[in-house]
Amino acid sequence: MHKGSVRGLKRFLELKSIRENSPASIRARMKNPGGEGEFMQKALLSGAETYQIYGAVHMIRTRGSESDRNRADQLRWLLLYILYQSGNGHIRISKEDLAEDFPFWTDSISVAWNQMGSELSTLENIDALIKRNKGIFACLPGGTAPVVISPEGSSLYLLKRWRYERRFLQLLDPLCGETGLSCIPGAGNLSETLDRAYENLSRDSSLLMGPETRAAAGMVATRLLSVITGGPGTGKTTILGGLLRLLLEAGMDGGQKVMNIRLCAPTGRAAGRMEESLRALIGDPRYKDAFVREPCTLHKLLGLVPGSPPRFNRHRPLPADLLVVDEASMVDLNMMYYILDALRPGARLLLLGDKDQLPSVEAGALLSDFLYGREEPGYKLEGAVLSLTRVHRNSGAILDGSGMIIRGETDAFLSFLEQPQRQGVKENQEESGLFLYRDIPDFRTFLEQAAGDSGLAEMRRTIPPFTDSVSAWREHKAEISRYFRLFQEEVILVPSRKGLFGVNSLNRALSAYLAPGEGPVFHGQPIMITRNDYERELFNGDRGVILSFGGQFYAFFESPGSHPYRHYPVALLGEYQTAFALTIHKSQGSEYRHVSVIIPEGAERLLSREILYTGVTRAKDKVTLFSRKDLIQRSLSRGVRRHSGIREFISGTGGS
């Protein structure tokens, strides 16, 4: 076997061992005398994952050089902090932030450990501890220890994260630098060609062409990387459809071959919404050669399969002239690297998203990073960003409240919640933009209310299990679509899976209430895929409904194109969960008529402006916020920060 493969296999087995050390295994190790056992006991209270705790212990066992017990304790906690912050999505950790935050982080663990935390509250003490442990820490660019120090000495990286960031910036740099390169090379004067196409298309009022559409088309036509950002209702998708149509018409006017355009998003639901919004454009016979593939997930686009590199990369680039990625705030560092690596020379990348939404679950906050430092003279994406601020749909109080949340206007938002009427009304007087606030009720009361709001009990009476075989499902498309529409109406969003008002508890209780005695699988059960299933092309975040045909349970999923649904026996599904309630992270890329957002006690570590903003803005017509005033204050006082060298690179103020 090749040496590289052997090293990769050893590393895989090492990580597998670390990740599979259960809490019970950790508890057994706690019985060890000395600082290691005591550290593990305290570490479980810190909120760190089991593999992070074991990772810190493993590094000290194999590479540490501290003989003094107090210093060894400090090193364990320093490593756990680095692993914990990396697990929270940070690409790197600033030493200054570490010195400031470390005592507060240890404060929640034990008073006895606060002295240890305070000892690592100065840069001098942190540097001294690092210098004594050269087997664990090394300086860049030549160092290869598990934790590396940036060349200027101000930040710490896990070695793998630093390598990814460096390779990513090497791919990003040429995309930022290209300006004025026309995507319609034979069109003569590009500006005149676009103006001519814009004037012709503007005669059709149904196409909603506006000045921002013309500006966006000019930006995409002359930049390899461009970004369109804006909150809900600002018209990102409308402008996307207009600029694509404008570019295609301009290309035809110039006698050029039609561009090959690929549309994608991080989740199946987001890709489905993209297909719905652009259906008229994609289905236009004039542009059939431009959209040879329907919108899909990033995993499907790149051919990502566990244990194998992506199907498309620099050696086998994507056959696309323009790649459009919607919901770009959800894309992490690794996935964005794969995207850039798969672009063929001269291909364009357009990112769309809301910079104020929660960043990806994994490492990085790429969309936010790309928009950082726009006021700096060296900003690398100058002229390549279109920021939309005008809201075109009437979202009433939802728009007002979400704006106060993301701006951190605590007093104004709390006053807003006290107003007796928080409702915007459309011209036809239908309910729109209603924002309600309630104290968190007792669990039973909330359960009864949520079960009634769901409408599932009535739906199950109206459309009971089907007696036909599943082969006859097409005869029941109307009934199946009613179930899907039902679950696009109502959803419960919470920050965490754990706790009484967590996803697990709520889904378990609602299932028992709505389908008593039917077990874990029942007719009309909403579900969400929680792990990618490449064989069936089901991806994390895809939502479906379990339906009974002929006494057997099948999971139905919406499918873009001419076949509205696809189905699989439930027994063949991979990992999934019931989906009456979702985490706010999982809800990104989706939209519902009515959203109930619960911010319960016990979720303090997860609270931020972004998590509350993301939950509230999933609602089209009505949002009900269940919480306490002090928890809302805590949410609005905190913003999500993800540290990386990408911001310095983009802003032109430094590099990684």
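The structure we're discussing is the one just above.
The shown structure was predicted, so the numbers you read here are calculated from the model rather than taken from an experiment. (Residues numbered from 1 in each chain as written. Predicted model: local features only at pLDDT ≥ 70, side-chain atom pairs only at ≥ 80, totals over all residues. Heavy atoms only, no water.)

**Examining the sheet that holds strand β14 (residues 490-494)**
An order of β13-β22-β21-β14-β20 is seen for the five strands of this open sheet, with the pairing classed as parallel. Every interior strand has two partners, whereas the edge strands, β13 (434-438) and β20 (581-583), have only one. Here the average twist between neighbouring strands, direction ignored, is 25 degrees. Relative to strand β22 (residues 619-626), strand β21 (residues 592-598) runs parallel, the two being bridged by six bridges. Looking at β22, one finds that V597 is bridged to L625. (Pairing = 2+ DSSP bridges. Helix = DSSP H or I, 4+ residues; strand = E, 2+ residues; numbered from the N terminus. Axes fitted to C-alpha atoms, helices over the stretch in contact; angles between N-to-C directions.)

**A few points about the side chain of E490**
Looking at where E490 falls in the secondary structure, it is placed in strand β14. Look at E490 and you get buried, because its relative accessible area is 18%. Side-chain polar atoms of E490 contact the side chain of R593, separated by 3.1 Å. Here the side chain of E490 touches H594 through a polar contact of 2.7 Å, side chain to side chain. Excluding anything up to four places from it in sequence, E490 contacts D453, Y592, R593 and H594. (Buried < 20%, exposed > 50% of the residue type's maximum accessible area, 1.4 Å probe, protein only. Polar contact = N/O pair within 3.5 Å; in protein donor to acceptor, adjacent residues only side chain to side chain. Contact = heavy atoms within 4.5 Å.)

**Some details on empty space enclosed by the protein**
Here the structure, examined in full by the defined rule, presents one cavity of 30 Å³ or more. Around the largest cavity sit 16 residues that line it, and S454, E490, V491, I492 and F580 are the ones nearest its centre. At the level of secondary structure, the elements contributing two or more residues to the lining of the largest cavity comprise α20 (443-454), α22 (477-487) and β14. No other element matches the five residues that α20 contributes to the lining of the largest cavity. Across the lining of the largest cavity, the residue classes tally to 10 nonpolar, three polar and three charged. (1 Å grid on protein atoms, 1.4 Å probe; cavity = no way out; pocket = protein on both sides within 12 Å on 5 of 7 lines; lining within 4 Å. Points joined across faces, edges and corners; volume = space filled by probe spheres on them. Nonpolar A, V, L, I, M, F, W, Y, C, P; charged D, E, K, R; others polar.)

**Some thoughts on the sheet that holds strand β4 (residues 155-158)**
Taken together, the four strands give an open sheet; going across it, the order is β1-β4-β3-β2, and neighbouring strands pair in mixed fashion. Looking at which strands have only one partner, the edges of the open sheet turn out to be β1 (93-94) and β2 (137-139). As defined by bridge partners, β2 adjoins strand β3 (residues 147-149) across three bridges and the pair is classed as parallel. Across the sheet, residue C139 finds its bridge partner in β3, namely I149. Strands in contact with helix α9 (residues 159-177) are β3 and β4; relative to β4, the strand with the most contacts, it is inclined by about 95 degrees.

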